Amino acid sequence: MKKESLFAAIDQRQAEILSWGNAFFDCAELGFQEVKTAAAITALLDQWNIPYESGIAMTGIRVTLGSGSPHIAFVSDMDALPCKSKNGTVHSCGHSIQTTLALTLIRALADCGLPKKNSGRISFFFTPAEEFIDFTFRDQCIAEGKIRYRSGKQNMIAEGYFDDVDCVLSAHANGETEYLFDINSTLAGFLAKKAVFLGTASHSGAAPHLGRNALHGAVLAQNALSFLKDRFPASAGLQLHPVITEGGGTVNIIPDRTVMETYIRANDNATLFAAEEQVDQCIHHCAAALGLGCETETTPGYLPLRQSAEMNEMVLENMLLFCEEDQILRNVVSGASGDIGDLGFLLPAVQMGFSGIKGQFHNDNFTIADKENCYIRTAKVLAGTLFDLLQKPMHQPAEFAAKKEKYLKQLEKRQNLEIFTES
Ligand SMILES: [Zn+2]
Ligand SMILES: [Zn+2]
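Remember, predicted model here, so these are calculated numbers, not experimental data.

Trainee: Tell me about the coordination of the zinc ion (ligand 1), and name the residues and values.
Mentor: Within the protein, the atoms that donate to the zinc ion (ligand 1) are Cys93 (SG), Glu131 (OE) and His362 (NE2), at distances of 2.1 to 2.2 Å. Along the chain, the residues donating to the zinc ion (ligand 1) fall in the pattern C-x37-E-x230-H. If you look at the zinc ion (ligand 1) and the zinc ion (ligand 2), they sit 3.2 Å from each other and are both ligated by cysteine 93. Of the two residues, glutamate 131 is situated in the loop between β6 (120-127) and α5 (135-143) and histidine 362 in the loop between β16 (357-358) and β17 (367-368); the sequence distance between them amounts to 231 residues. Residue class for histidine 362 comes out partly exposed when judged on its relative accessible area of 44%.

Shown next, in the form of structure tokens:
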């Protein structure tokens, strides 16, 4: 069996694949609510007589083909974003393409009878809730015990679904139209910080000296945070963008409560956690300088993505079967984030990028313009890579269990359900 058989199987089903792509693009659902999407996936799997496990992390699905070792995971996001009009949802991050790619790969592998018995397993994970949004709903689900964390992959990791996995392959649409693919891009990590400044209310005209102005604390802290950026090299990619989400209230009362929130984004974990401590210090010291009280809370976002060089070699070889060197963009340092970063912290992981999008990401004008590249060419690159990974297996790193323990502790320590539930 050669990998060309897989490519031929994809070509043969081109019309079907494009129709799945259109249907999933029209079925945009928020994270942990991808009910229709999940039903459409399982309907196809039922039709194909391929067994699966559904209801993982609420709406997630796992399909395993083959048996034995190695165990390769292919992860594909399922969720969409709210319309800018807030009237419904829209696939403006291209996750419907990932769902379609996963189904294409499952169908093509099954058509070719791969993986052969005892020659390795490929598990396809349809993962809910990649976008880190919609906290009121998600925190309600957490309170009801349906999930533990706000992201699909975080929940699947915690539930042990990746415990016996050796490596992880994935793909995401990119915004680079002049290239067909990108390889070895990084993603930033982030933490969400909330600071509540507490003062004393008083008459702002008659007796301001009897009050303590909480808003002043937030303004001082915003200045301190902008100076803090100088303490990290530009390559660290530190981004702080504090906003005041509760200002002060009434103009003739000295504000006694002001809330400031910021994401802390950075290209690496060391910067992320060092910056988090320093942000905390800035906030607390600025509050203390003005005689204010202060409470801070941190929620884990995602870890920065570092891709596996070894796996990317294989991805690159397969990209070059379908395009020229100069059609591949390399080593982009992206300010965006994704929960593939968490998987990449634990296991060798790849998220290749593919072009073909018109419009802006996270904007209602997002459209899939080059369907050939998004669905067909990308599926072939991924199919070829899976084929190669079965021949030249990656192995789960020895430190997986220790790293996972540390990772879960980190999530637990910083988890705070109250943070975003206040309106
Ligand atoms: Zn997105
Ligand atoms: Zn995305």
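Okay, back to it.
Trainee: Any details on the side chain of asparagine 318? Residues and values, ideally.
Mentor: By the element assignment, asparagine 318 lies in helix α9 (residues 309-319). By relative accessible area, which is 0% here, asparagine 318 ends up buried. Polar contacts involving the side chain of asparagine 318 include one to the side chain of lysine 3, which spans 2.8 Å. Among the polar contacts made by the side chain of asparagine 318, one reaches the side chain of aspartate 388 at a distance of 2.9 Å. When near neighbours in sequence (up to four residues on either side) are disregarded, asparagine 318 contacts Lys3, Val381, Gly384, Thr385 and Asp388.

Trainee: Describe α9, and please don't skip the residues or the numbers.
Mentor: When α9 is considered as a whole, its buried residues turn out to be Met311, Asn312, Met314, Val315, Leu316, Asn318 and Met319. At its buried positions, α9 is contacted by α1 (3-12), β7 (167-173), β8 (181-183), β14 (328-330), β15 (349-354) and α11 (371-391).

Trainee: Pulling in residues and values, what's your account of the coordination of the zinc ion (ligand 2)?
Mentor: The zinc ion (ligand 2) binds to the protein through Cys93 (SG), His95 (NE2) and His172 (NE2), with metal-donor distances spanning 2.1 to 2.3 Å. Expressed as a motif, the donor residue spacing for the zinc ion (ligand 2) is C-x1-H-x76-H.

Trainee: Could you give me a rundown of the environment of glycine 359, with the residues and numbers involved?
Mentor: Counting through the fold element by element, glycine 359 comes out in the loop between β16 and β17. Since its relative accessible area comes to 42%, glycine 359 is described here as partly exposed. With residues up to four places along the chain from it excluded, the contact list for glycine 359 reads Asn365 and Phe366.

The rules behind these values
Each chain has its residues counted from 1, running along the sequence as written. Numbering of ligands from 1 and lettering of chains from A proceed in the order in which they are written. Restriction of local features to residues with pLDDT of at least 70 applies here, the model being predicted, together with a cutoff of 80 or more for giving and counting side-chain atom pairs; totals for whole chains, interfaces and linings are based on all residues. The side-chain figures draw on all heavy atoms in the structure; neither hydrogens nor water molecules are used. Only N, O and S atoms count as donors, using a 2.8 Å limit from the metal and a wider 3.2 Å limit for Na, K and Ca, and since water is excluded some coordination spheres may look unfilled. Note on conventions: DSSP H or I runs of at least 4 residues are helices, E runs of at least 2 residues are strands, and numbering of each starts at the N terminus. Here's how the labels work: a residue is buried when its accessible area is under 20% of the maximum for its type, exposed when over 50%, partly exposed in between, all with a 1.4 Å probe on protein chains only. Polar contact is defined as a pair of N or O atoms within 3.5 Å, subject to the rule that within protein one atom must be able to donate a hydrogen and the other to accept it, and that residues adjacent in sequence are counted only when both atoms are side-chain atoms. In what follows, residue pairs with any heavy atoms lying within 4.5 Å of each other are defined as contacts.

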